[in-house]
Amino acid sequence: MKTKTTNEFKLNTSKDKVISIPCEKCQNSTRHMVLASIDGVDIDTYDNKFSVDWSYSYQIVECQGCSTKSFRLIHSHSEDFDITTGKTRQIELLYPKRGIFFLSINDYYNISPNLLRIYEETINCFNNGNLTLCGAGVRAIVEGVCKESGINSGNVEFHKKDGTLSTKKSDGLQGKINGLYQEGKLTKANAEILHEHRYLGNTAIHDLSIPSREELTLAIEIVENVFDSLYEVPEKGMELKNKRLSKDTDKT
């Protein structure tokens, strides 16, 4: 079978076109204008009998609200036919990646590199649609918080055979989370919230269940709040105290 390939492209065919896509800075879908584009098509012809084509449009776009510039790629394949719409399916890619459920990675300056790496990998799993791995990452973050805080165990409640309630030391994640509260690292309410992260991670890992984006979004927001309360706020408080003491020393 003989194949003949032809390439056709034009500059700025899509220029000045207005589209609606998510804006990374506005955190919402906004009007964008195409500033420049390369639009083209690659055509493969087989034995002069039939052909298959790939179309594409590389675009530099600008948000009309905040003026943030980014990159957009639209491409399609003539064989990728959507029977529900009767049209060729188009695929849109945005760089930097973003979307309605896209989460940004926050900056933290007082967290260990290992814990920060797990946090960043968990966010990346979420943004790439790897929700089971994201759920496992949330659990790993909680494990990491316990380790960084020097908590290896804690008391957990259990029912004895006679039905009475008792406590015992446990080095499992349940015990470690309780240990964060028992050592004064977290409030009891925050410790109870972290237990929900443990359940979420257990379900993702052991039951191979896919957590919802809504569940994971809430879980990650809570993790970020824990980062603030354990690492960032105390450091800022100490910095503020040192500045105050420095001023008092200067007065004397």
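Keep in mind that what you see is a predicted model, and the values were worked out from it rather than measured.

A. The arrangement of the packing of helix α1 (residues 113–127) against helix α2 (residues 131–148) in detail. Contact geometry for α1 and α2: axes closest at 8 Å, N-to-C directions at 165 degrees. On the basis of the axis angle, α1 is roughly antiparallel to α2. In terms of crossing hand, the pair formed by α1 and α2 is left-handed. Where α1 abuts α2, its residues L115, I118, Y119, T122, C125 and F126 lie against L131, L133, C134, G137, V138, A140, I141, G144, V145 and E148. Along the lines of polarity and charge, the residues of the contact of α1 with α2 split into 12 nonpolar, three polar and one charged.

B. Inspection of the state of the cysteines at higher detail. This model, assessed by the stated rule, comprises zero disulfides. As a non-bridged cysteine, C66 has C23 as the owner of its nearest cysteine sulfur, 3.6 Å distant. Among the cysteines around C125, which has no disulfide bond, C134 carries the closest sulfur, lying 6.4 Å off.

C. Structural detail: the packing of aromatic side chains. Within the structure shown, the criterion is met by seven aromatic pairs. Over the ring of F126 we find R213; its NZ or CZ atom is 5.3 Å from the centre of that ring.

D. Spotlight on the environment of V223. In this structure, V223 sits in helix α5 (residues 213–251). The exposure class assigned to V223 is buried, which follows from its relative accessible area of 3%. Each C-alpha atom, one on V223 and one on I141, is 7.8 Å from the other, the two residues being 82 residues apart in sequence. Discounting chain neighbours no more than four positions away, the residues touching V223 are I141 and H197.

E. Quick look at the nonpolar core. Within the largest apolar cluster, 32 residues are counted, with the highest numbers of intra-cluster contacts made by V145 and F227. Going through the elements one at a time, α1, α2, α3 (173–182), α4 (188–206) and α5 are the ones with two or more residues in this core. Among the elements that line this core, the one with the most residues is α5, at eight residues. With five residues, the next largest nonpolar core counts I21, V34, V61 and L94 among its residues.

Rules behind the numbers
Residues numbered from 1 in each chain as written. Predicted model: local features only at pLDDT ≥ 70, side-chain atom pairs only at ≥ 80, totals over all residues. Heavy atoms only, no water. Axes fitted to C-alpha atoms, helices over the stretch in contact; angles between N-to-C directions. Helix = DSSP H or I, 4+ residues; strand = E, 2+ residues; numbered from the N terminus. Parallel < 35°, antiparallel > 145°, perpendicular 65-115°, else oblique. Left-handed = near helix turned anticlockwise from the far one by under 90°. Contact = heavy atoms within 4.5 Å. Nonpolar A, V, L, I, M, F, W, Y, C, P; charged D, E, K, R; others polar. Disulfide = S-S within 2.5 Å. Phe/Tyr/Trp six-rings, centres within 6.5 Å; stacked < 30°, edge-to-face > 60°. Lys NZ or Arg CZ within 6 Å of the ring centre and 35° of its normal. Buried < 20%, exposed > 50% of the residue type's maximum accessible area, 1.4 Å probe, protein only. Core = buried A, V, L, I, M, F, W, Y, C linked by side-chain atoms within 4.5 Å.

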